[in-house]
Amino acid sequence: MSLDDIALDAEYRMDQAVDKVGQDFGSIRTGRANPQLLNRIQVDYYGAPTPLQQLANFSVPEPRILVVNPFDKGSVNQIEKAIRESDLGLNPSSDGGTIRCVFPELTEERRKDFIRMAKQAAEDGKVAVRNVRRNARDQMQKLEDSGEVGQDEHDRYAKQLEELTAQHVAKIDKLLEQKEKDLLEV
């Protein structure tokens, strides 16, 4: 493995860590309806746990209302039950064909809880990025120790790795800042 390979792999894995943080933020509820919140919900569909997004379309006709349109009208009760039993605090209602979820206003305490969750997800993402950096550094050091690369080349790539880490940590900070802003918005 060359230093280029190590750097490319590190960048790819850091990008994945940032994407994971974005997905985690998508599952943290704000005061507005967001179909991403339902991504982690599993529905008991004919005895098999099935992701909700495979069973229905979603729309947001108003900022605090999410409408779920199941492909199979026979699954409305199971979908409604799965949403109700989730930790989202939603009370869905159906008319037999579609399900409406009204998002209640967030209390100040609940907003603070969600901000804490977002900060923890961001910190987990930063730790993942730093772990990628550490692993890449170890691989680079082994190449230098074995004599496959010189110290100058190793130092140049180590500097690139630090810059890459700083860029990805900054991306996570920016995502966190936006999520906090969304959560504090009334």
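Since the model is a prediction, treat every value here as computed from it, not as a measurement.

**Structural notes on the overall build of the protein chain**
Thinking step 1. Helix and strand counts for the protein chain stand at four helices and six strands.
Thinking step 2. For the protein chain, the sequential pattern of α-helices and β-strands runs α-β-β-β-β-α-β-β-α-α.
Thinking step 3. In terms of overall dimensions, the protein chain is more spread out than a globule: its C-alpha atoms have a radius of gyration of 22 Å, far above the 16 Å expected for 186 residues.
Thinking step 4. Structurally, the protein chain occupies a C-alpha span of about 70 × 40 × 25 Å along its principal axes.
Thinking step 5. Burial status across the protein chain gives 39% buried among its 186 residues.
Thinking step 6. Taking the intrachain contacts of the protein chain between residues at least 6 apart in sequence as the baseline, contacts between residues at least 24 apart amount to 64%.
Thinking step 7. Working note: accessible area of the protein chain is about 10,700 Å², and carbon and sulfur atoms make up 48% of it.
Thinking step 8. With 27 positive and 34 negative side-chain charges, the protein chain shows a spacing of 7 Å between the two charge centroids.

**Re the nonpolar core**
Thinking step 1. Of all hydrophobic cores here, the largest spans 29 residues; its most connected members are L3, F25 and M140.
Thinking step 2. Within the residue set of this core, elements represented by two or more residues are helix 1 (3–26), helix 3 (108–145) and helix 4 (151–184).
Thinking step 3. In terms of residue count, helix 3 provides more of this core than any other element does, ten residues in total.
Thinking step 4. Contacts of M140, omitting those with residues within four sequence positions, involve L3, I6, H154, Y157, A158 and L161.
Thinking step 5. Within the second largest apolar cluster, 19 residues are counted, among which are L37, V76, A82 and I99.

**Here we look at the pairing of strand 4 (residues 65–70)**
Consecutive side chains along a regular strand alternate between the two faces of the sheet.
Thinking step 1. The element strand 4 is extensively covered by neighbouring structure, given that five of its six residues are classed as buried.
Thinking step 2. Sheet topology note: the strand 3 (residues 56–62)/strand 4 ladder contains five bridges and is antiparallel. Each residue of the ladder has a partner; that of S59, found in strand 4, is V67.
Thinking step 3. Taking the residues between adjacent antiparallel strands as the criterion, strand 3 and strand 4 are bridged by two residues.
Thinking step 4. Bridge count for strand 4 against strand 6 (residues 99–102) is four bridges, and the pairing is antiparallel. Residue V67 lies in a different strand from strand 6, and its bridge partner there is R100.

**Some remarks on the pairing of strand 2 (residues 48–51)**
Thinking step 1. As judged from the four bridges shared by strand 1 (residues 42–45) and strand 2, these two strands associate in the antiparallel manner. Directly across from Q42, in strand 2, lies its bridge partner P51.
Thinking step 2. Between strand 1 and strand 2, which pair antiparallel and follow one another directly, the connecting turn spans two residues, one of which, Y46, has a positive phi of 50 degrees.

**Regarding the sheet that holds strand 6**
Thinking step 1. Judged by pairing direction, the sheet is antiparallel, and its four strands sit side by side in the order 3-4-6-5 without closing on themselves. In the strand order of this sheet, the two ends are held by strand 3 and strand 5 (93–94), each with one partner.

**Things to note about the UniProt feature "coiled-coil region" (unreviewed entry) in the protein chain**
Thinking step 1. The residues that UniProt annotates with the feature "coiled-coil region" (unreviewed entry) are residues 126–178.
Thinking step 2. Strand forms 0% of residues 126–178 and helix 91%; the C-alpha atoms that close the span are 16 Å apart.

**Describing the packing of aromatic side chains**
Thinking step 1. Evaluation of the coordinates by the stated rule reveals one aromatic pair.
Thinking step 2. Considering the side-chain rings of Y45 and Y46, the 4.7 Å spacing of their centres and the 70 degrees angle between planes classify their relative orientation as edge-to-face.
Thinking step 3. Taking relative accessible area as the criterion, Y46 reaches 67% and is therefore assigned exposed.

**Thoughts on the packing of helix 3 against helix 4**
Thinking step 1. At a closest axis distance of 10 Å, the pairing of helix 3 and helix 4 adopts a crossing angle of 170 degrees. The orientation of helix 3 relative to helix 4 falls into the category roughly antiparallel.
Thinking step 2. Within the contact of helix 3 with helix 4, the residues separate by chemical class into 15 nonpolar, six polar and ten charged.

Analysis parameters
Residues numbered from 1 in each chain as written. Predicted model: local features only at pLDDT ≥ 70, side-chain atom pairs only at ≥ 80, totals over all residues. Heavy atoms only, no water. Helix = DSSP H or I, 4+ residues; strand = E, 2+ residues; numbered from the N terminus. Rg over C-alpha atoms; globule rule 2.2 N^0.38 Å. Buried < 20%, exposed > 50% of the residue type's maximum accessible area, 1.4 Å probe, protein only. Contact = heavy atoms within 4.5 Å. Areas by Shrake-Rupley, 256 points an atom, 1.4 Å probe, with all protein chains shown as cover. Lys, Arg positive; Asp, Glu negative; His and termini not counted. Charge placed at Lys NZ, Arg CZ, Asp CG, Glu CD. Core = buried A, V, L, I, M, F, W, Y, C linked by side-chain atoms within 4.5 Å. Pairing = 2+ DSSP bridges. UniProt positions renumbered as here; feature names shortened; annotations may be inferred. Phe/Tyr/Trp six-rings, centres within 6.5 Å; stacked < 30°, edge-to-face > 60°. Axes fitted to C-alpha atoms, helices over the stretch in contact; angles between N-to-C directions. Parallel < 35°, antiparallel > 145°, perpendicular 65-115°, else oblique. Nonpolar A, V, L, I, M, F, W, Y, C, P; charged D, E, K, R; others polar.

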